[in-house]
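If you want the building blocks of each chain, they are given just below.
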Amino acid sequence: MRGRQLRLGTRLALGLGALALAVFAIVGAVMVTSMRTFLDKRLDDQMAISQTSAAHDVEYDETVTKLPPDWFAVVYKMQNGELRALPGGQQPSDRTKFDALAKRSLTDDNFDTAYLGEQGKFRLRACPIKANELVLVSAAPLADTESTMSQLITVSVIAFLAALVTLVVGGQALLRRGLRPLSDMADTAHHISSHDLTDSADLTVRVDGNGGGVEVDELREAFNKMLAHIDSSLAARTAAEQRLRRFIADASHELRTPLTSLRGYADLFRYAAANEPGEREKHLEKLRSEASRMSVLLDDLLLLARLDSAESEPPLRPEELDLAVIAEAAADAFRAARPSHSLEVDADTVSMRADATRLRQVLDNLLTNAAVHTPAGTAVSLQVTAEDGEAVIKVSDTGPGIPEADQARIFDRFYRVDNSRTRQRGGSGLGLAVVQSLVQAHGGTITLTSHPGSTTFTIRLPRHLLA
């Protein structure tokens, strides 16, 4: 099992510290190298000046008198083709390095760095004099340079370590404070995970607060939008489940009624066939009527199911048509079936692409709805026009209107303004639901405006059915 990982703020602080350590190491190395180069050059320049000043004495009396007291100096003279050290001066106990540098200076570099036993580390320089007949080799101690470099390294290490600790500790605190909104989001997520989302669609938890920078603000906004989307999805799911339960209950009731009637008339028909043959035709007609009513109900349920299906295309067969022709046909059928209601038709020629059969079903349902829910003698009107590239259909009546409390649910399935099970005004409560579904399948909208004395259903359809 993996060990617990460090928090993001700690990991960022440590990463920043490692990066800072690498930078400090590079800066320190460059600074120390530059300082040593500077000090060595300054000492070399000082030795060159000192040897130039002492060269006059060496040229005349072959002795050295103008060098600092803590320096060493040896004068060499060319004798029989070889350099030989002259006595006197400030000579070291071990002259090996001096001899080698004096010989090398005749043809090569004239600087060297060497340890002279217990005396410590020295910088050596050879200076040929008088056409290489004399060579002056002097040695300057490097103790001051080493001491300066040691102090510089010590101070740099201490300063860099202090800066590193401050950076890591302070950075961790700042990062923890800056990342606190992320911790809040994590707490919110844990809080949400503890909810039982199957029992309730109410999800009011949100991430509050501010700070953390633009990126954290964007993440917080996205997180809250996601929660709002989940909340709305849960609410929609709950509402859909409630509608499904109501739909199943209402469908069961609506189907039970004609089935019960069919069973009863079947029993009566069997009795009449045996005892009263004259009653058979009347009972057969009742059986046909109930079967027809149940068939219409099942057709509506099947159509709604097909319109609701997201896995198949809407059951439409679009074609080029004239909406005025469909309106006149629906009006003729209405006048024949509902002579108790007057109908006024005002239909302009509106060419469009749609399913003629389904549009006829929409008009028949709306006209039937107007006749069923208004008293005899109520005037009904049907208007067809074209506005702004759309086909507009208005079905109006002068009846008592629809109560405002019922208007919001008028298109719900199995919803009836007269909610009693006696169905005094007929209908299964599916007519307007079918109308709305068919209109939406055509890419259109349907709206209702109603008050006592006037009820109008307004349908707006695109002239060309969208693919």
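Before reading further, recall that the structure is shown in the block above.
Bear in mind the structure is a predicted one, so any value in this text is a computation, not a measurement.

Trainee: Break down the overall build of the protein for me, citing the residues and quoting the values.
Mentor: Along the backbone of the protein there are ten helices and twelve strands. Burial status across the protein gives 35% buried among its 467 residues. Looking at the protein alone, contacts between residues at least 24 apart form 62% of all its contacts between residues at least 6 apart.

Trainee: Please give an account of the sheet that holds strand S3 (residues 111–115) that cites residues and values.
Mentor: Strands sit in the order S2-S1-S5-S4-S3 across an open sheet of five strands; the sheet is antiparallel. Both edges of this open sheet fall to strand S2 (82–85) and S3, since each of them pairs with a single strand only. Between one strand and the next, the sheet's axes are offset by a mean angle of 30°, whatever the strand orientation.

Trainee: So what about the nonpolar core? Which residues, and what values?
Mentor: Proteins that are soluble and globular tend to have nonpolar side chains buried together. The biggest cluster of nonpolar side chains holds 45 residues, and the ones touching the most others in it are Leu323, Met352, Leu366, Ile393, Phe457, Ile459 and Leu461. Element by element, the count of residues in this core is highest for helix H8 (residues 356–372), at seven residues. Contacts of leucine 366, omitting those with residues within four sequence positions, involve Val395, Leu432, Val435, Phe457 and Ile459. Residues Val58, Leu67, Trp71 and Leu142 belong to the second largest nonpolar core, which totals 17 residues.

Trainee: Now, about H8: what can you tell me, with residues and values included?
Mentor: With 17 residues, H8 should reach 24 Å at 1.5 Å per residue; the first-to-last C-alpha distance of 24 Å fits that figure. Looking only at H8, the buried set comprises Arg358, Leu359, Gln361, Val362, Leu363, Leu366, Leu367, Asn369, Ala370 and Ala371. The opening residue of H8 is aspartate 355, an N-cap whose side-chain oxygen sits 3.1 Å from the backbone nitrogen of threonine 357.

Trainee: Could you give me a rundown of the packing of aromatic side chains, with the residues and numbers involved?
Mentor: Under the defined criterion, the tally for this structure stands at three aromatic pairs. Measuring from centroid to centroid gives 4.9 Å for phenylalanine 24 and phenylalanine 160, while their planes differ by 10°, and the two rings are stacked. Here phenylalanine 24 is found in helix H1 (residues 8–61), whereas its partner phenylalanine 160 is found in helix H3 (residues 143–178), with 136 residues between them in sequence. For phenylalanine 160, a relative accessible area of 22% gives the class partly exposed.

Trainee: Give me the environment of glutamine 436: which residues, what numbers.
Mentor: Mapped onto the secondary structure, glutamine 436 falls in helix H10 (residues 431–441). When its relative accessible area of 24% is taken as the criterion, glutamine 436 is described as partly exposed. Separated by 24 residues in the primary sequence, glutamine 436 and aspartate 412 place their C-alpha atoms 9.3 Å from one another. Discounting chain neighbours no more than four positions away, the residues touching glutamine 436 are Phe411 and Ile446.

Trainee: Lay out the pairing of S3 with the relevant residues and their values.
Mentor: Pairing between S3 and strand S4 (residues 121–129): five bridges, direction antiparallel. Its bridge partner lying in S4, aspartate 112 is registered against leucine 124. Here S3 folds back onto S4 in antiparallel fashion, the turn holding five residues, of which glycine 117 has a positive phi close to 65°.

Trainee: Just give me the short version of unusual backbone geometry, but keep the residues and values in it.
Mentor: For residues that are not glycine, phi is negative in most cases, and the peptide bond is trans in most cases. At aspartate 388, a residue that is not glycine, the phi angle is positive and equals roughly 50°. Topologically, aspartate 388 is positioned in the loop between strand S9 (379–387) and strand S10 (390–397).

Trainee: Account for the packing of H8 against H10, naming residues and giving values.
Mentor: Running from amino to carboxyl end, H8 crosses H10 at an angle of 145°, the nearest separation of the two axes being 9 Å. For H8 against H10, the interelement crossing comes out left-handed. Two secondary-structure elements touch here, H8 through Arg358, Gln361, Val362, Asn365, Leu366 and Asn369 and H10 through Gly431, Leu432, Val434, Val435, Leu438 and Val439. Taken together, the residues of the contact of H8 with H10 break down into seven nonpolar, four polar and one charged.

Trainee: Tell me about the environment of histidine 442, and name the residues and values.
Mentor: With respect to the element layout, histidine 442 can be found in the loop between H10 and strand S11 (445–451). When the C-alpha positions of histidine 442 and arginine 358 are compared, they lie 9.5 Å apart, and in sequence the two are 84 residues distant. Among the polar contacts listed, one links the side chain of histidine 442 to the backbone nitrogen of aspartate 355, at a separation of 3.2 Å.

Trainee: So, a positive patch on the surface: which residues are in play, and what are the values?
Mentor: Where like charges cluster on the molecular surface, the positive patch consists of Arg7, Arg176, Arg177 and Arg180. As for its placement among the helices and strands, arginine 7 is situated in the segment before H1. Given a relative accessible area of 55%, arginine 7 falls into the exposed group.

Trainee: Before we move on, can you summarise the packing of helix H7 (residues 323–337) against H8 with the specific residues and values?
Mentor: For the pair H7 and H8, the least separation of the axes is 9 Å and the interaxial angle reads 40°. As summarised for this structure, H7 and H8 are arranged oblique, according to the angle between their axes. Judged by the twist between their axes, the crossing of H7 over H8 is right-handed. Listed contacts from H8 to Leu323, Ile326, Ala327, Ala329, Ala330, Ala333 and Phe334 of H7 are Ala356, Leu359, Arg360, Leu363, Asp364, Leu367 and Ala371. Here the contact of H7 with H8 is built from residues that sort into twelve nonpolar, no polar and two charged.

What counts and what doesn't
- Residues numbered from 1 in each chain as written.
- Predicted model: local features only at pLDDT ≥ 70, side-chain atom pairs only at ≥ 80, totals over all residues.
- Heavy atoms only, no water.
- Helix = DSSP H or I, 4+ residues; strand = E, 2+ residues; numbered from the N terminus.
- Buried < 20%, exposed > 50% of the residue type's maximum accessible area, 1.4 Å probe, protein only.
- Contact = heavy atoms within 4.5 Å.
- Pairing = 2+ DSSP bridges.
- Axes fitted to C-alpha atoms, helices over the stretch in contact; angles between N-to-C directions.
- Core = buried A, V, L, I, M, F, W, Y, C linked by side-chain atoms within 4.5 Å.
- Expected span 1.5 Å × (residues − 1).
- Polar contact = N/O pair within 3.5 Å; in protein donor to acceptor, adjacent residues only side chain to side chain.
- Phe/Tyr/Trp six-rings, centres within 6.5 Å; stacked < 30°, edge-to-face > 60°.
- Left-handed = near helix turned anticlockwise from the far one by under 90°.
- Nonpolar A, V, L, I, M, F, W, Y, C, P; charged D, E, K, R; others polar.
- Patch = residues over 30% accessible without salt bridge, like charges linked within 9 Å, V, L, I, M, F, W, Y side chains within 5 Å.
- Areas by Shrake-Rupley, 256 points an atom, 1.4 Å probe, with all protein chains shown as cover.
- Salt bridge = Lys/Arg side-chain N within 4 Å of Asp/Glu carboxyl O.
- Lys, Arg positive; Asp, Glu negative; His and termini not counted.
- Charge placed at Lys NZ, Arg CZ, Asp CG, Glu CD.
- Parallel < 35°, antiparallel > 145°, perpendicular 65-115°, else oblique.

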